[in-house]
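Examining the three-dimensional arrangement
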Amino acid sequence: AIVIIVLKVVDKFRQLFKIPPLPYLEDTWWGPRNKSEEDESIKPFTINVSDEIINDLHQRLNNARPFTPPLEGIQHQYGLNTKLLTEIVEFWRTKYNWREREIFLNKFPQFTISVQGLRLHYIHVKPIDPDGLRVLPLLLLHGWPGSVREFYEILPFLTNPQPGYNFVFEVIAPSLPGYGFSEAAVRPGLGAVQMAVVFKNLMDKLGFKKYYIQGGDWGGVIVQNMATIFPEQVLGLHSNMCFIRTLSSNIKLFLYSFWPTLLLPREHADKVYPLSSKFANTILESGYLHLQATKPDTVGVALNDSPVGLAAYILEKFITWTNSDWKNLEDGGLMKKYTYTDLLDNVMIYWVTNSITTSMRLYSETFNKAQTALGITK
């Protein structure tokens, strides 16, 4: 009874606060060009990386310094095991063909458009033959260290009629600002809340006033912000990384640890509790977050200079974030869900665009007092 009373008091207290109006964010200019001279037209886009960049990549791969051997009996508990990295780099050098992958990556219609001074890249796939079905606009947002590459396998299912469904999606899948082929901000302050405004403005420019939104990782945070700030625009939200850090949520999380099944079904209790093990795993796996939230430009220099270092940094996340137990496997479990080609497509998008540093800045622009002071999460 005491627990229920406390939670009700907290919820009543939260209701005293309202999301503040944020109209000024819609006019913030993030780009490097003069606003009066900005070309805001939609332009077709094709990925076409120069031979110079690809030749430089292979030179760096061929001249990589010898790796430090892993400790005895260690798989990936210290980070990406250099035995596995050796195998991946050899595949990259001898079997991965960027020109073939460019053809694959250009299989869907792509465009760029200027939004608040940033030339944003996006994939736009319309149903070919909806045949009387409802066509629902859907915004897909990726996160870090992902890219639009992660949507390629699912796009045909979303945009083609499926048995038993009376609707089909028209998908807009942009690269986040500073990621891949989307331009990065030239001044500080473009955090997850501001990106929510950017993508609302993107959809406005493309003619969509109401739409569905889906996001994962940073995309999940951004679509959550979009639904909070612009609820009249959002028809429905799906997230594969639900994020909350309010006072009442933290209190509930702690109090229900004494009786988890009051909060969630027994079969799901191990996803949240015991808190001690979840907290320990968070500490173990979140060192990158603190680094990127404080000094992204420093680590960015190293990652932007070494393709091998970039691959190691990114692919280690695909091991532990897909399944934390895979760090105990010799091969990291990567081939259970991916191929080296698929994984390197994603790494290459960061490499050929020099975007690893600007992608990591999203952490420092979001985990700060200025972002919290906006009052989107209370």
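Below: a short report on this structure. Model, not experiment: these values are computed from the prediction. (Residues numbered from 1 in each chain as written. Predicted model: local features only at pLDDT ≥ 70, side-chain atom pairs only at ≥ 80, totals over all residues. Heavy atoms only, no water.)

**Brief notes about the overall build of the chain**
Of the regular secondary structure elements, the chain holds 16 helices and seven strands. If you line up the chain on its principal axes, its C-alpha atoms span 65 × 55 × 50 Å. In the chain, once contacts between residues fewer than 6 apart in sequence are set aside, the share between residues at least 24 apart is 77%. As displayed, the chain offers around 19600 Å² of accessible surface, 58% of which is attributable to carbon and sulfur atoms. (Helix = DSSP H or I, 4+ residues; strand = E, 2+ residues; numbered from the N terminus. Contact = heavy atoms within 4.5 Å. Areas by Shrake-Rupley, 256 points an atom, 1.4 Å probe, with all protein chains shown as cover.)

**Some points on the side chain of Ser239**
Looking at the secondary structure, you find Ser239 in strand β7 (residues 234-239). Residue classification places Ser239 among the buried positions, given a relative accessible area of 16%. A distance of 3.0 Å separates a polar side-chain atom of Ser239 from the backbone nitrogen of Met241. A polar side-chain atom of Ser239 sits 3.5 Å from the main-chain amide nitrogen of Cys242. In this view, Ser239 contacts Gly215 and Gly220; residues no more than four positions away in its chain are not counted. (Buried < 20%, exposed > 50% of the residue type's maximum accessible area, 1.4 Å probe, protein only. Polar contact = N/O pair within 3.5 Å; in protein donor to acceptor, adjacent residues only side chain to side chain.)

**Overview of the sheet that holds strand β5 (residues 167-174)**
Strand order in this open sheet of seven strands is β1-β2-β3-β5-β4-β6-β7, and the pairing throughout is mixed. Each edge of the sheet is formed by a strand with only one pairing partner; in this case those strands are β1 (43-44) and β7. Against the sheet, helix α6 (residues 192-205) makes contact with β2 (110-115), β3 (118-125), β4 (134-141), β5 and β6 (211-215), and its axis sits at roughly 115 degrees relative to β2, the strand it touches most. (Pairing = 2+ DSSP bridges. Axes fitted to C-alpha atoms, helices over the stretch in contact; angles between N-to-C directions.)

**Regarding the pairing of β2**
With five of six residues buried, β2 lies mostly within the body of the structure. Relative to β2, β1 runs antiparallel, the two sharing two bridges. Following the sheet pairing, Lys43 is matched in β2 by Thr112. In this structure, β2 lies alongside β3, joined through six bridges in antiparallel fashion. Paired with Ser114 across the strands is Arg119, a residue of β3.

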